[in-house]
Amino acid sequence: MPQSSPPRAAQGRPLTTPQFEARMLRSALQASELRLEPEMSHLVLLAAGRARLEGPGAPDLAADAPRLLWLPPGAAPRLRLSAGARGALLQLGPVALARALPTGSMQTRLRGLLGQLRLLPLALETRDELLRHLAVIAEEGRTPRSGTEVIVESLVSVLLVRLWRAAEAGGHAGGLATRSLLDRFVLLVARHGREHWPVADYAAALGISRDRLGTLVRQATGLSPQGYLHREILADARDLLTNSTLPVSEVAFRLGFQDPAYFNRFFTRQEGLAPGRFRRAARARREAETTSFAAWP
């Protein structure tokens, strides 16, 4: 990630890795600006004061505290904070965001929410709760040590789920209501995905045509229903290969594959690596990250 010099609004040393940056914000007695990295997603928790997006192409978006702003990549070049503003900023690269999102139906819900959310009013209790999460993430960055990235990913995952709860409580997740056809599809996949139902069975269970199901899923995820099913199985496979010591054949059986060889072909076609090689690469990457963090001053 291209590194910017810490803005005047930042307090302390930020956590800066290729995918994460977290900092607590406290504006001076005059207004200040934050430069937003164009390839990053930004979560801004405004605990006090006012914030406004500025710069060429920036949407007309301003917020008074307590508010949460979610800004996708390229939303705006700068964020201007009023005098006395305070809060927290979390920047996430695409890989970091993908790794922090939970699997299963909650991932689809969160992706849908993040795709439509820009401003979220916050109750004071929710503001303080989210601020505590962000403070811990920033603190991990100031004193990085072995396991920092793993801890931060877990905290970001919790933070995103807390965000979902706040949006749902405030009626800002209406497009993802639990009784919607899309959400029912997601729940069916969570329940029957490892049984490898064909797409026609999901459509029949929902009482709609395959074409209608295809339209709903593509609008929400950019994937065909079959592509969505593959993505969910693949996410579960990655999780088991990375975080368990189960033999690859047992991973295949747990995911509903009766033939481990077919699972190997499926995984290799989707991921570009055979399951065993993927597991070794994941372990090597984790060891390298741990070593890298341990070497930080």
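The rules behind each value
Residues numbered from 1 in each chain as written. Predicted model: local features only at pLDDT ≥ 70, side-chain atom pairs only at ≥ 80, totals over all residues. Heavy atoms only, no water. Helix = DSSP H or I, 4+ residues; strand = E, 2+ residues; numbered from the N terminus. Buried < 20%, exposed > 50% of the residue type's maximum accessible area, 1.4 Å probe, protein only. Expected span 1.5 Å × (residues − 1). Salt bridge = Lys/Arg side-chain N within 4 Å of Asp/Glu carboxyl O. Phe/Tyr/Trp six-rings, centres within 6.5 Å; stacked < 30°, edge-to-face > 60°. pLDDT = per-residue confidence, 0-100. Contact = heavy atoms within 4.5 Å.

### Some words on the overall build of the chain
Piece 1. For the chain, the count of helices and strands is 11 helices and 10 strands.
Piece 2. Residues counted as buried form 45% of the 297 residues belonging to the chain.

### Structural notes on the environment of Val 152
Piece 1. Considering the arrangement of structural elements, one finds Val 152 in helix α4 (residues 148-169).
Piece 2. In sequence terms Val 152 and Glu 139 are 13 residues apart; their C-alpha atoms lie 10.0 Å from each other.

### Regarding helix α3 (residues 124-142)
Piece 1. Compared with the 27 Å implied by 1.5 Å per residue over 19 residues, the 26 Å span of α3 between its first and last C-alpha is a close match.
Piece 2. Residues of α3 that are buried: Arg 127, Leu 130, Leu 131, His 133, Leu 134, Ile 137, Ala 138, Glu 140 and Gly 141.

### Regarding the pattern of salt bridges
Piece 1. In this structure the tally under the stated criterion is 13 salt bridges.
Piece 2. A salt bridge links Glu 21 to Arg 23; the nearest nitrogen and oxygen atoms lie 1.9 Å apart. Neither Glu 21 nor Arg 23 differs from the other in exposure class; each is buried.
Piece 3. The closest approach of N and O atoms between Asp 64 and Arg 50, which form a salt bridge, is 2.9 Å. A residue pair is termed long-range when its members are at least 10 positions apart, and Asp 64 in strand β6 (residues 62-64) and Arg 50 in strand β5 (residues 50-54) qualify at 14 residues.
Piece 4. Overall, the relative accessible area of 39% leaves Asp 64 in the partly exposed class.
Piece 5. According to the relative accessible area criterion, Arg 50 is partly exposed, its value standing at 36%.
Piece 6. A network of salt bridges, in which partner residues are shared, links Glu 33, Arg 78 and Arg 80.

### A short note on unusual backbone geometry
Piece 1. Each neighbour pair has its own omega, and for Ala 65 with Pro 66 the value is -5 degrees, a cis peptide bond.
Piece 2. Within the secondary structure, Pro 66 sits in the loop between β6 and β7 (67-71).
Piece 3. One non-glycine residue, His 196, lies in positive phi territory at about 60 degrees.

### A few points about the packing of aromatic side chains
Piece 1. A complete count under the given rule lists eight aromatic pairs for this structure.
Piece 2. Plain terms: the ring middles of Phe 185 and Tyr 202 are 5.5 Å apart, the flat faces sit at 75 degrees to each other, and that makes the pair edge-to-face. Of the two residues, Phe 185 sits in helix α5 (residues 181-192) while Tyr 202 sits in helix α6 (residues 199-206), which places them 17 residues apart along the sequence.
Piece 3. Look at Tyr 202 and you get buried, because its relative accessible area is 1%.
Piece 4. When the ring of Phe 185 is compared with that of Tyr 228, the centres are 5.5 Å apart and the planes differ by 50 degrees; the resulting orientation is tilted. Residue Phe 185 is located in helix α5, and its partner Tyr 228 is located in helix α8 (residues 225-243); the two are separated by 43 residues in the primary sequence.
Piece 5. These aromatic residues form a ring-pair network of at least three members: Phe 257, Tyr 262, Phe 263, Phe 266, Phe 267 and Phe 278.

### Some details on the confidence of the model for the chain
Piece 1. In this model, the chain carries an average pLDDT of 79, and 85% of its residues clear a pLDDT of 70 or more.
Piece 2. Segment residues 1-18: pLDDT under 50, and 50 contacts once partners within four positions in sequence are set aside and those in other chains are kept.
Piece 3. In the predicted structure, residues 173-179 sits below a pLDDT of 50 and forms 14 contacts with residues beyond four places in sequence or in another chain.

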